[in-house]
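# An overview of the molecular structure
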Amino acid sequence: MPVTTPPSGISHIWLLAKYELTKRFTNKSGMVALIAFMLIWAILLLYPIKSASEFIMQPNFKEFTEALFGPGSLQHLFEWPVPELAVFWLAALYLFPMFSIFISADQFSSDKQRGSLRFLTLRVSRSSLFFGRFIGQMLIQFALIILTLLATIVMVISRDVSLLLPSLTTSLLVMINLVIVLLPYTAAMAVLSLQANSARQASIFAVILWAIVSIIIAIINFQFPQLNGLSMILPGSQISSMINTQGLGSLAFAPIPLVQTVVILGLGNVFMKRSAL
């Protein structure tokens, strides 16, 4: 009789990730969330981003920002080949992490409350389940990033079709950076959803945790200025520095969220193995 080899842990992780992606875009609640997300970004693209991109091309605007923030404070922002993507970059760096907190808040909480999480761990290892859900949430956000960038590119070429190639190359770098930025947020929500009883509670935990850690870090930095690098432990600490970057220069900040993600996922995997499901 032929011997069948059971699926490996990597196979389980990939199957769980694909299921998360499919579930988000096929069930009713997922579709409602997707439609709401696209409507919000459609409004942002048609009004603030389009209007701001037209304003940023005016010579007087650069002089105004230099007078307001100091010479060279936003120098690289004016070097972007596509103004619409420069404004998209500013908005996405702050909005996508907030979306990530709410989108990925229900990685485990609902299943734990229903008792189905214990059933799932009978079929796959806890580590496979933890990393599979995390990767699935990242795939969902990756798809949303692509959709919003495609919509931005359509808006750009409707103004000037010659900007198609610069839009594609710039969008690729924006996409890579945004995915890296969202990694620690999604990892943190995976850990918090293990402790919460609902997605709403996990989101509240995230807001409280970010606020408390930020206050503690501010107090420590005030008392001990030499420890100003302590803020790097908080996801998103590099975002304000990424604003005034352009092209490959923005990837210089990638090690910060990557290290944060590795640490958070390591701790989350330990919690997953030891927590009572």
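Everything below is about the structure printed above this text.
The paragraphs below set out a description of the structure included in this document. Within each chain, residue numbers correspond to sequence positions counted from 1 in written order. For this predicted model, a pLDDT threshold of at least 70 governs which residues receive local features, and a threshold of 80 or more governs which side-chain atom pairs are given and counted, while totals over whole chains, interfaces and linings are taken from all residues. Only hydrogens and water are set aside when side-chain values are computed; all heavy atoms of the structure are taken into account.

Our next topic: the packing of helix 7 (residues 126-159) against helix 11 (residues 255-274). Axes here mean lines fitted to C-alpha atoms, for a helix over just the part in contact, with angles spanning 0 to 180 degrees between N-to-C directions. The numbering of helices and of strands both runs from the N terminus, where a helix is a DSSP run of H or I of at least 4 residues and a strand a run of E of at least 2. Put simply, helix 7 and helix 11 touch, their axes get as near as 9 Å, and they point 135° apart. Between helix 7 and helix 11, the angle falls in the class oblique. Crossing hand, helix 7 versus helix 11: right-handed. On helix 11, the residues touching Arg126, Ser127, Leu129, Phe130, Phe131 and Phe134 of helix 7 are Thr261, Leu265, Gly268, Asn269, Met272, Lys273 and Arg274. Along the lines of polarity and charge, the residues of the contact of helix 7 with helix 11 split into six nonpolar, four polar and three charged. Angles below 35 degrees are treated as roughly parallel, those above 145 as roughly antiparallel, those between 65 and 115 as roughly perpendicular, and all remaining angles as oblique. Left-handed describes a crossing whose near helix is turned anticlockwise from the far helix through less than a right angle; right-handed describes the clockwise counterpart. We call two residues in contact whenever any of their non-hydrogen atoms come within 4.5 Å of each other. Think of it as three bins: nonpolar holds Ala, Val, Leu, Ile, Met, Phe, Trp, Tyr, Cys and Pro, charged holds Asp, Glu, Lys and Arg, and polar takes everything else, Gly as well.

Relative to the helices and strands, serine 104 is located in the loop between helix 4 (83-103) and helix 5 (109-114). Given the relative accessible area of 0%, serine 104 is considered buried. Pairs of N or O atoms within 3.5 Å make up the polar contacts considered here, provided that, within protein, one atom can donate a hydrogen while the other can accept it, and that residues adjacent in sequence are counted only when both atoms are side-chain atoms. Separated by 2.5 Å, the side chain of serine 104 and the backbone oxygen of serine 100 make a polar contact. Not counting residues within four places of it along the chain, the set of residues in contact with serine 104 comprises Gln137, Gln141, Thr186 and Met189. Using a 1.4 Å probe on the protein chains alone, a residue whose accessible area is under 20% of its type maximum counts as buried, one over 50% counts as exposed, and one in between counts as partly exposed.

The working definition used for a salt bridge is a side-chain nitrogen of Lys or Arg within 4 Å of a carboxyl oxygen of Asp or Glu. Going through the model one piece at a time under the given rule, you end up with five salt bridges. Among the salt bridges present, the one from glutamate 20 reaches lysine 23, with a minimum N-O distance of 3.2 Å. Of this pair, glutamate 20 and lysine 23 both sit in helix 1 (residues 9-26), three residues apart, which is roughly one turn of the helix. On the basis of relative accessible area, glutamate 20 is assigned to the buried category, the value being 4%. A relative accessible area of 29% means that lysine 23 is categorised as partly exposed. Between glutamate 84 and arginine 159 there is a salt bridge, and its shortest N-O distance comes to 2.6 Å.

What follows covers the nonpolar core. General note: in soluble globular proteins, nonpolar side chains tend to be found buried as a group. Membership of the largest hydrophobic core comes to 61 residues, with the highest contact counts inside it found for Trp41, Phe88, Leu93, Phe96, Phe108, Phe130 and Leu178. Those elements that place two or more of their residues in this core are helix 2 (28-56), helix 4, helix 7, helix 8 (164-195), helix 9 (199-223), helix 10 (239-242) and helix 11. If you tally residues by element for this core, the top one is helix 8, at 14 residues. If we ignore the near neighbours within four places in the chain, the residues touching phenylalanine 108 are Leu117, Leu129, Phe130, Arg133, Ala190, Ser193, Leu194 and Met272. Definition of nonpolar core: a set of buried residues of the types Ala, Val, Leu, Ile, Met, Phe, Trp, Tyr and Cys, connected through side-chain atoms within 4.5 Å.

Here the term patch refers to residues with relative accessible area over 30% and no salt bridge, with like charges joined within 9 Å and nonpolar side chains (Val, Leu, Ile, Met, Phe, Trp, Tyr) within 5 Å. For the area figures, the Shrake-Rupley method with a 1.4 Å probe applies, and any residue is considered shielded solely by the protein chains shown. A cluster of nonpolar residues, Ile157, Val161, Leu164, Leu165 and Leu168, forms a patch on the protein surface that exposes about 450 Å² of accessible area. Here the nonpolar patch gets three residues from one element, more than from any other, and that element is helix 8. With respect to the helices and strands, leucine 165 occurs in helix 8. On the accessibility criterion, leucine 165 (61% relative accessible area) is exposed.

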